[in-house]
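This is what each chain is made of:
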Amino acid sequence: MNLNYEMLFENLKKLEVTRMAEVLSSAAEDAAAKEASYTEFLAVLVDAELIARKERSITMRTRLAGLPYLKTIEDFDFAFQPSIDKKRIKELSTLRFIANGENLVITGPPGVGKSHIAIGLGLKAIAAGHRVYFTTATGMVSSLIKAFQESKFEHRMKTYTSPALLIIDEVGYLPLDRTGANLFFQLISRRYEKGSIILTSNKSFTEWGEVFSDTVLASAILDRLLHHATTINIKGESYRLKEI
Ligand code: ADP
Ligand code: MG
């Protein structure tokens, strides 16, 4: 009996079902105490393994997403920011917009919760099994320029086109030059009607001509971005200045 147990434990580890190996002893004791059937016993082990795998996958995808901080929609104090319609955030939380390849554009002044909401929705998407990638607008553009110089442009482009959800934060904090604006446009075009984008900006759409150093390019970007999109304009006080 002992020999069987040792062998089974080692074999489970060899098969890389590590959680099954970990819970084997307690699950076997439990099953004996409850006089559980063989199938019940096996079901408990398999369930434990599947749960562990899902957790590992969420942890891994959270790490790969490159979120600057981890805060959830549940952490968000809607009472502090009454200009945000909670029902719309609830609707977005169902992630239907990702299934439909739609975008979300959040505008507003600094500190009102734009990034927080983007990150919170990103975490929901990760929990639901999606791949998510977070970048700032300038981070993305400079990374694409660098990749171009190193002949890795197409490869780097995939970083931004392949996730089900791309979060582009802080559009407008720093204006982009023509090269940057062109790269930005290319990215938006490639994701257009394929994958969702959450974009945040401190600039209203009328100011995007300055952000992209070109009004024609700015309207081409806006055209694609807003074609299938929800827009949320947050008007309110900075949460960072709340206690001052
Ligand atoms: P921005 O609009 O500049 O992107 P952030 O979303 O990063 O601002 O918010 C700034 C900080 O304040 C973050 O730590 C964020 O979690 C917090 N914060 C902003 N609004 C709220 C809110 N309504 N409830 C809870 N925390 C908030
Ligand atoms: Mg922000």
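Located above this text is the structure these notes cover.
Along each chain, residue indices are assigned from 1 in the same order as the chain's sequence is written. A letter from A marks each chain and a number from 1 marks each ligand, given out in the order of writing. pLDDT decides what is reported in this predicted model: residues at 70 or higher carry local features, side-chain atom pairs at 80 or more are listed and counted, and totals for whole chains, interfaces and linings draw on all residues regardless. To get the side-chain values, all heavy atoms of the structure are used, and hydrogens and water are removed first.

Chemist: How should the overall build of the protein chain be read in this particular structure?
Modeler: Summing up its helical and strand segments, the protein chain has 11 helices and 5 strands in all. Only the C-alpha atoms count toward the radius of gyration. The rule for a globule is 2.2 Å times the residue count to the power 0.38. Since a compact globule built from 244 residues should have a radius of gyration of about 18 Å, the 23 Å found for the protein chain marks it as more spread out than a globular shape. By the burial criterion, 40% of the 244 residues in the protein chain qualify as buried. We count Lys and Arg on the positive side and Asp and Glu on the negative side, and we leave His and both chain ends out. Think of each charge as sitting on NZ of Lys, CZ of Arg, CG of Asp or CD of Glu. Taking the average place of the 31 positive charges on the side chains of the protein chain and the average place of its 29 negative ones, the gap between the two points comes to 5 Å. Working definition: helices are DSSP H or I runs of at least four residues, strands are E runs of at least two. Numbering for both runs from the N terminus. We call a residue buried when its accessible area falls under 20% of the maximum for its residue type, exposed when it is over 50%, and partly exposed in between, using a 1.4 Å probe and counting protein chains only.

Chemist: I tried to follow the packing of aromatic side chains on my own but got confused; where do I start?
Modeler: Each aromatic ring pair is summarised here by two numbers: the centre-to-centre distance and the angle between the ring planes. To pair, rings of Phe, Tyr and Trp, with the six-membered ring standing in for Trp, must have centres within 6.5 Å; the planes then decide the type, stacked if under 30 degrees apart, edge-to-face if over 60, and tilted in the middle. Enumeration according to the criterion identifies 8 aromatic pairs in this entry. The ring of Tyr69 carries Lys71 above its face, with NZ or CZ at 5.5 Å from the centroid. By definition, being over a ring means that NZ of Lys or CZ of Arg is both within 6 Å of the ring centre and within 35 degrees of the ring normal.

Chemist: It is not clear to me how the pattern of salt bridges should be interpreted in this structure. Could you clarify?
Modeler: Working definition: two side chains of opposite charge can pair if their charged atoms are close together. Whenever Lys or Arg places a side-chain nitrogen within 4 Å of a carboxyl oxygen from Asp or Glu, that contact is recorded as a salt bridge. Summed over all chains, the structure comprises 10 salt bridges. Linking Arg53 and Glu49 is a salt bridge whose minimum nitrogen-to-oxygen distance equals 2.9 Å. Within this pair, Arg53 and its partner Glu49 are both found in helix α3 (residues 38–65), separated by 4 residues, close to a single helical turn. In this structure, Asp214 and Arg178 form a salt bridge, with 3.0 Å as the shortest nitrogen-oxygen distance. With a gap of 36 residues between them, Asp214 in the loop between α10 (208–211) and α11 (215–227) and Arg178 in helix α9 (residues 178–191) connect regions that are remote in the sequence. What you see here is one network of salt bridges that share partners, running through Glu49, Arg53 and Arg56.

Chemist: Sorry, what's going on with the packing of helix α4 (residues 86–93) against helix α6 (residues 114–127) here?
Modeler: The relative placement of two packed helices is expressed as an angle between their axes plus a distance between the axes. Across the interface, α4 lies against α6 with an axial gap of 10 Å and an inter-helix angle of 35 degrees. On α6, the residues touching Ile89, Leu92 and Ser93 of α4 are Ile117, Leu121 and Lys124. Three classes are used: nonpolar for Ala, Val, Leu, Ile, Met, Phe, Trp, Tyr, Cys and Pro, charged for Asp, Glu, Lys and Arg, and polar for all others, with Gly counted as polar. When the residues that make up the contact of α4 with α6 are grouped by side-chain class, the tally is 4 nonpolar, 1 polar and 1 charged. Only the stretch in contact is used when fitting a helix axis, every axis being a line fitted to C-alpha atoms; angles between N-to-C directions are given from 0 to 180 degrees. When checking whether two residues touch, look at their non-hydrogen atoms; a contact exists if any pair is within 4.5 Å.

Chemist: How should I be thinking about the nonpolar core in this particular structure?
Modeler: Grouped burial of nonpolar side chains is what soluble globular proteins tend to show. Of all hydrophobic cores here, the largest spans 28 residues; its most connected members are Leu67, Ile89, Ile117, Leu165, Ile167 and Ile198. Per element, the largest residue contribution to this core is 7 residues, and it comes from α6. Sequence-distant contacts of Ile167, defined by excluding residues within four places in its chain, comprise Leu67, Ala118, Gly122, Val132, Tyr133, Phe134, Thr135 and Ile198. Note on terminology: a nonpolar core comprises buried Ala, Val, Leu, Ile, Met, Phe, Trp, Tyr and Cys residues joined through side-chain atoms within 4.5 Å. Residues Ala137, Phe153, Leu176 and Phe212 belong to the second largest nonpolar core, which totals 27 residues.

Chemist: Please explain the sheet that holds strand β3 (residues 165–171) as it appears in this structure.
Modeler: Picture the strands of a sheet paired through backbone hydrogen bonds; they go either parallel or antiparallel. Whether two strands pair comes down to DSSP finding at least two bridges between them. Reading across the sheet, the 5 strands line up as β2-β3-β4-β1-β5 and stay open at both edges, with parallel pairing between neighbours. The open sheet terminates on both sides in strands that have one partner only, identified here as β2 (132–136) and β5 (229–233). Across the sheet, the mean angle from the axis of one strand to that of its neighbour is 10 degrees, orientation sign disregarded. Across 5 bridges, the pairing between strand β1 (residues 103–107) and β5 is parallel. Considered in β5, the bridge of Asn103 is made with Ala229. Here helix α7 (residues 137–149) sits on the sheet and contacts β2 and β3; the angle it forms with β2, its principal contact strand, is near 95 degrees.

Chemist: I would appreciate a short explanation of the site of ligand 1 in the present structure.
Modeler: Nearness here has a simple test: a residue counts as near a molecule or strand if at least one of its heavy atoms is within 4 Å of that partner. Neighbouring ligand 1 are 15 residues, the closest being Lys71, Asp77, Gly111, Ser115 and His116. Any pair of nitrogen or oxygen atoms within 3.5 Å is treated as a polar contact; in protein, a donor-acceptor pairing is required on top of that, and neighbouring residues in sequence qualify only through side-chain atoms on both sides. Within the backbone of Gly111, an N or O atom sits 2.7 Å from an oxygen atom of ligand 1. Side-chain polar atom of Lys114 to an oxygen atom of ligand 1: 2.9 Å apart, as the coordinates give it. Reported accessibility uses the Shrake-Rupley method at a 1.4 Å probe radius. Residues are deemed covered only where the shown protein chains occlude them. In the complex, 91% of the free accessible area of ligand 1, which totals 550 Å², lies under the protein chains. The residue inventory of the shell around ligand 1, partitioned by class, reads 6 nonpolar, 4 polar and 5 charged.

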